[in-house]
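What follows is the residue order along each chain.
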Amino acid sequence: MSEMRAALWGLLVAKLIGGWGVQWDIQWHLRIGRDSFWIAPHVMTYASVTLSVLLSFGILALTTFRGPALASPQTIRFLGLAGTRGFHLALWGITLTVLAAPIDDLWHRLFGVDVTLWSPPHLLGLLGSAVNTAACLLIAREVYRTGSRARLMALLLSGALLYANLHITLQPTIRIAYLHGGARFYAYIMLAALILPLALVATARLSDSRWAPLFLIALVVAVGTAGNQIARAGFAVLQPVSVIEEEIAKDPTSPIAVANIIARKNGTEPGRPVGASPFLAFIPACVMTLLDARQRPVAATVGYAATLFVVSGWQLARLPALESMVPGLEETLLALLVTLASAFVGGATARRLSDALEPAPLGRAWAETR
């Protein structure tokens with residue numbers, strides 16, 4: 001059991017490093033350009049992926065070859081490997097991320113260096129990372145007893161990293177708002193209502209903590225702030241030569257070009273979070289906490305989404321780059337209806353996810369030895 005607990009915290013450290021690497025990588029691509037596959041944030045990201053593979057596979061290999069010494073009522077065998085559901089899920093999730101790397105390199109060779117975050121290899125990599133992170137929620141419940149402080153800390157950190165992973169996929173929605181306006185002005189909110197509850201609600205239910213959504217946002221803000229400082233220090237030390245203007249000149253309508261235009265109009269650096277203070281994210285989380293996502297996951301998600309619509313809608317409307325694209329009443333009401341429908345689906349899906357991440361029940365004798 002001690003090996004599994006150590007592997008869990010190793011996975012969380014790897015996820016933290018990888019998240020910072022991706023955060024820096026996005027800023028690198030938008031400010032410097034894709035000058036080499038072996039840029040520092042890539043090395044940082046894939047070092048974390050390598051560590052995740054070694055830890056996930058290592059525990060399964062150890063359980064397989066040591067047999068009864070590490071066996072538990074939760075041990076299952078799949079493709080010749082024995083281990084808990086959590087470590088199986090961690091391995092197969094990170095395998096998707098590994099497969100995404102060569103596909104991404106091929107994608108760039110075929111279609112050029114400037115592609116959206118929503119390209120198939122990027123989404124595959126993010127999906128694998130999300131699955132691997134969700135597995136940490138399950139592992140935390142497998143290796144720690146109910147009520148353990150270490151268990152709560154592992155669950156909250158896992159949930160925060162899952163939230164950050166999911167939130168990255170929302171970045172292209174700002175470009176959609178800038179280019180299209182109308183109901184799509186609220187693309188960020190409509191998609192956020194669908195996917196962010198997967199982290200918020202699932203963590204609240206798995207940790208049995210009503211306050212989990214607030215703790216998650218606090219951790220996300222702290223981790224994101226640290227990531228920005230790491231990126232800033234990395235740029236200062238490495239001082240890479242930017243080729244971004246040449247890339248923008250090749251296609252002024254490309255995602256990278258549009259992202260730079262939006263940043264300049266907003267007076268911010270490309271790749272940094274768009275909007276006002278990140279602490280406004282606590283307001284929707286407070287509503288979810290008051291409605292109690294543990295007992296009423298769907299109602300809490302709908303309340304969260306309605307509040308998010310008001311708070312984030314106000315944030316977006318205040319951005320200089322987007323203020324001319326603010327839609328009228330009819331389109332706003334349409335977007336609100338879509339947001340609430342997305343929240344209903346998101347809340348129901350989050351409830352099912354948390355149920356699926358419950359570990360197999362333990363026998364009484366085994367539970368007493370933990």
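Per chain, the residues get numbers from 1 upward, laid out in the order the sequence is written. Given that this is a predicted model, residues contribute local features only at a pLDDT of at least 70 and side-chain atom pairs are listed and counted only at 80 or more, while totals for whole chains, interfaces and linings are drawn from all residues. Neither water nor hydrogens contribute to the side-chain values; these are computed over all heavy atoms in the structure.

Here the focus is the nonpolar core. Residues belong to a common nonpolar core when they are buried Ala, Val, Leu, Ile, Met, Phe, Trp, Tyr or Cys residues joined through side-chain atoms within 4.5 Å. Categorising residues by exposure relies on relative accessible area from a 1.4 Å probe, with only protein chains included: less than 20% of the type maximum marks a residue as buried, more than 50% marks it as exposed, and the intermediate range marks it as partly exposed. Judged by nonpolar contacts, the single largest core of 73 residues is most densely connected at L8, F87, Y163 and L196. Formed by nine residues, the second largest nonpolar core is a distinct cluster that contains W20, W28, I39 and V223.

Our focus in this paragraph is the packing of helix α9 (residues 212-238) against helix α12 (residues 282-291). Fitted lines through C-alpha atoms serve as axes, helices being fitted only where they are in contact, and the angles separating the N-to-C directions of these axes extend from 0 to 180 degrees. Secondary structure elements follow DSSP: runs of H or I no shorter than four residues count as helices, runs of E no shorter than two count as strands, and numbering proceeds from the N terminus. The contact between α9 and α12 brings their axes to 8 Å, and the two run at 160°. Between α9 and α12, the crossing angle belongs to the class labelled roughly antiparallel. Across from P213, L214, I217, A218 and V221 in α9, the residues of α12 making contact are F282, A285, C286, M288 and T289. Working rule for angles: under 35 degrees goes down as roughly parallel, over 145 as roughly antiparallel, 65 to 115 as roughly perpendicular, anything else as oblique. Only heavy atoms enter the contact rule, under which two residues are in contact if any of them lie within 4.5 Å.

So, about the layout of surface pockets. The rule is simple: put a 1 Å grid over the protein atoms alone, call a set of points where a 1.4 Å probe fits but cannot get out a cavity, call an open set with protein on both sides within 12 Å along at least five of seven lines a pocket, and count a residue as lining if it has an atom within 4 Å of a point. Grid points are joined across faces, edges and corners, and a volume is the space filled by probe spheres set on the points. By volume, the second largest pocket is sized at about 330 Å³. Around the second largest pocket sit 17 residues that line it, and L126, L127, A130, L166 and L198 are the ones nearest its centre. If you list the elements that add at least two residues to the lining of the second largest pocket, you get α4 (120-143), α5 (149-168) and α7 (187-195). At six residues, the largest contribution of residues to the lining of the second largest pocket is made by α4.

Here we take up the pattern of salt bridges. Two side chains of opposite charge can pair, provided their charged atoms sit close to one another. Think of a salt bridge as a Lys or Arg side-chain nitrogen and an Asp or Glu carboxyl oxygen that are within 4 Å of each other. Going through the model one piece at a time under the given rule, you end up with six salt bridges. With a shortest N-O distance of 2.5 Å, E358 and R141 are connected by a salt bridge. Of this pair, E358 sits in the loop between α14 (329-356) and α15 (364-369) while R141 is found in helix α4, placing the two residues 217 residues apart along the sequence. Overall, R141 belongs to the buried group, its relative accessible area being 14%. When the shortest N-O distance is used, the salt bridge between D292 and R294 registers 2.9 Å. R294 sits in the partly exposed class, given a relative accessible area of 22%. Members of the salt-bridge network, linked through shared partners, are D208, D292 and R294.

Before going further, it helps to spend a moment on helix α3 (residues 85-111). Taking 1.5 Å per residue as the helical rise, α3 with its 27 residues ought to reach 39 Å, and the 38 Å between its terminal C-alpha atoms agrees with that figure. We define the bend at any residue as the angle between the axes fitted to the seven residues before and including it, ending there, and the seven starting there. Of all bends in α3, the biggest is about 25°, found at A101, and the proline P102 comes one to four residues later. Packed against the buried residues of α3 are α1 (2-31), α2 (40-66), β1 (75-78), β2 (81-84) and α4. To estimate how far a helix should reach, multiply one less than its number of residues by 1.5 Å.

This part covers the packing of aromatic side chains. Between 30 and 60 degrees the pair is tilted, below 30 it is stacked and above 60 it is edge-to-face, where a pair is any two Phe, Tyr or Trp rings, Trp via its six-membered ring, whose centres lie within 6.5 Å. Overall, the coordinates contain six aromatic pairs when judged by the stated rule. Relative to Y186, the ring of F185 lies with its centre 5.1 Å away and its plane at 80°, an arrangement referred to as edge-to-face. For F185, a relative accessible area of 1% puts it in the buried group. Judged by relative accessible area, Y186 falls into the buried class, the value being 6%. When the ring of F279 is compared with that of F282, the centres are 6.1 Å apart and the planes differ by 10°; the resulting orientation is stacked. The exposure class of F279 is exposed, given its relative accessible area of 51%. Among the aromatic residues, ring-to-ring pairing joins W24, W28 and F235 into one connected group.

Taken N-terminus to C-terminus, the directions of helix α8 (residues 197-207) and helix α13 (residues 297-317) make an angle of 140°; their axes are 11 Å apart at the nearest point. In terms of orientation, α8 lies oblique with respect to α13. Read as a crossing pair, α8 and α13 show a hand that is right-handed. For the pair α8 and α13, contact is made by P197, L200, V201 and R205 and by P297, T301 and Y304, respectively. Gly is placed with the polar residues, together with every amino acid not listed as nonpolar (Ala, Val, Leu, Ile, Met, Phe, Trp, Tyr, Cys and Pro) or charged (Asp, Glu, Lys and Arg). Split by residue class, the contact of α8 with α13 holds five nonpolar, one polar and one charged. Less than a right angle of anticlockwise turn of the near helix away from the far helix marks a crossing as left-handed, whereas a clockwise turn marks it as right-handed.

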